[in-house]
Amino acid sequence: MEWKKNQEAQVEITGVTAQGAGVGRLEGLAVFVPLTAPGDVVRIKLLKVAKNYAWAKVTELLAPSPLRQEPDCPQFAQCGGCCYRHITYQGELELKAQRVRDALVRIGGFPQLPLAPILGAESRSGYRNKALLPLGRGKDGQLTLGFYAVNSHRVVDCPRCLLQPKEFDLAMEAFRRWAAQYGDPIYDETSHTGVLRRLYLRKGFRTGEVLACVVANAPRLRHEKELVEAFREQVPGLASVVLNVHRDKTNVALGKECRTLWGKDAIEDQLCGLTFRLSPLSFYQVNRDQAERLYEKAAEYAALTGAEFLLDLYCGTGTIGLSMANRAKKLLGVEVIPQAVENARENARANGISNASFLCGDAAQAAAELEARGERPQVVILDPPRKGCSPELVRTVAAMAPQRVVYVSCDPATLARDLKLFAQLGYPPVEATPVDMFPGTAHVETVCLLKRGEHHG
Ligand code: SAH
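Definitions and cut-offs
Residues numbered from 1 in each chain as written. Predicted model: local features only at pLDDT ≥ 70, side-chain atom pairs only at ≥ 80, totals over all residues. Heavy atoms only, no water. Helix = DSSP H or I, 4+ residues; strand = E, 2+ residues; numbered from the N terminus. UniProt positions renumbered as here; feature names shortened; annotations may be inferred. Disulfide = S-S within 2.5 Å. Near = heavy atom within 4 Å. Polar contact = N/O pair within 3.5 Å; in protein donor to acceptor, adjacent residues only side chain to side chain. Areas by Shrake-Rupley, 256 points an atom, 1.4 Å probe, with all protein chains shown as cover. Nonpolar A, V, L, I, M, F, W, Y, C, P; charged D, E, K, R; others polar.

What is the right way to look at unusual backbone geometry in this model?
It is generally the case that most residues other than glycine have a negative phi and that most peptide bonds are trans. Positive phi, close to 75 degrees, is recorded for N6, a residue that is not glycine. Its location among the elements puts N6 in the segment before β1 (8–16). Positive phi, normally seen in glycine, also occurs at A303, with a value near 45 degrees. By secondary structure assignment, the location of A303 is in the loop between α4 (288–302) and β15 (309–313).

So this is what it looks like as structure tokens:
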């Protein structure tokens, strides 16, 4: 059958894409239908038809899936932040666990690998401790501040967001007030003109400290004093106001240079009983409570006895390794962002941890040098960004011959790919646990234990 744009059809939704759109099948065609749920029967209109897939929109919900619920956010259908607010939390968790299982089977080739139950969150709202809100201009030239629409750089104006704490809603309000009266011109990414690029907010959930940071295509703002006042008047817990100077013509969210306009250079938070200092440019787990669950699982997989050399690659501010340092003989962390490495060192010191050191550099290169020098960690933690590890790094880690590798991953597809290579090199996966770090959104985290020479799958 030949399918064409604008054609209508009836389809049953049977799965979801990695971005959370529903998937159904028409004859010879996979069809992606945003805002549907597995189990829905829908009438659709085809919007775009390619060789073996199509995008469509719902014209009528014929029979709703039992996974459905009424979305609790008025921006849900426009905003690209969440994709599961029309699905029950239980349903969302099942879909996320299924996504991890599918990747491990289809990409990794591990149908027998035991997958522990997904660790769900207590709350689907108010958990984000960081927001990087893009700014734009609406049809009438007015400021829009919120989130990008799905697959687009159009900013959907959001007065508030359910994922974030109320302090962020208030900071957005304060920023809008300031921008209306004193704001520099809004940045335009096509012409690379204008100044105000993003509003970046972070909160230490345990300390209550809030950072408000404006990302600007300029070394200074015209009314910095008024900006500080606006935030101070309206944001409880405000501890730091920062200007991030970002003059590059890229999609990268933050520039490399920060100037503190008011308060501290870095806020603090507590995690796993330790205090962490967080510079604006340093990575920090977005969901603090779930990060503790993730780290507990990672510690269980690491099974440290006190005698081990622990290597923490992609360590950020050192959080994972430092949370286990008292159970290891020594800890070495590797991280590419200099400010994060500085934070990691300060964090070790501030928490009285004396068996930890940190290296600034590329994980693959640093690991290769350590391996060549004869360093032999017994446990290696890997927590790479979405693109996963390079084959060289996987080979280097295997060459160091650790007893255990604990792989923390934010992308099941690259995890499964890397596990396959690890398995070929004598490090098969023995168990994986999905963790829901980002309720409501499409993201899912997985922690996986690999052991030398044990076979499974
Ligand atoms: N383990 C930390 C951070 C994980 S996020 C935590 O749980 O908080 C991934 C980290 O890898 C980020 O801090 C990022 O800056 C860092 N990173 C990205 N590419 C890297 C590379 N090539 N080498 C080393 N670190 C890298």
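Just checking my understanding: could you explain the UniProt feature "domain: TRAM" (unreviewed entry) in the protein for this structure?
Feature annotation in UniProt assigns "domain: TRAM" (unreviewed entry) to the following positions: residues 2–60. Span residues 2–60 is 0% helix and 61% strand, its end C-alpha atoms 22 Å apart.

Just to check I follow, could you spell out the state of the cysteines for this structure?
What is meant by a disulfide is a covalent connection between two cysteines, made through their sulfur atoms. In this structure the tally under the stated criterion is zero disulfides. Unpaired in this structure, C82 has its nearest cysteine sulfur neighbour in C161, at a distance of 6.2 Å. In this structure C258 is not part of a disulfide, and its nearest cysteine sulfur, from C213, lies 5.5 Å away.

Honestly, the site of the ligand in this entry has me stumped. Any pointers?
Around the ligand, the structure places 16 residues, and the nearest of them are Q285, Y295, E335, D362 and A363. A distance of 2.7 Å separates an oxygen atom of the ligand from a polar side-chain atom of E335. Between the ligand and the protein, one listed contact pairs a nitrogen atom with a side-chain N or O atom of D362 at 2.7 Å. In isolation the ligand has 580 Å² of accessible area, and contact with the protein removes 87% of it. Split into classes, the residues belonging to the shell around the ligand amount to nine nonpolar, four polar and three charged.

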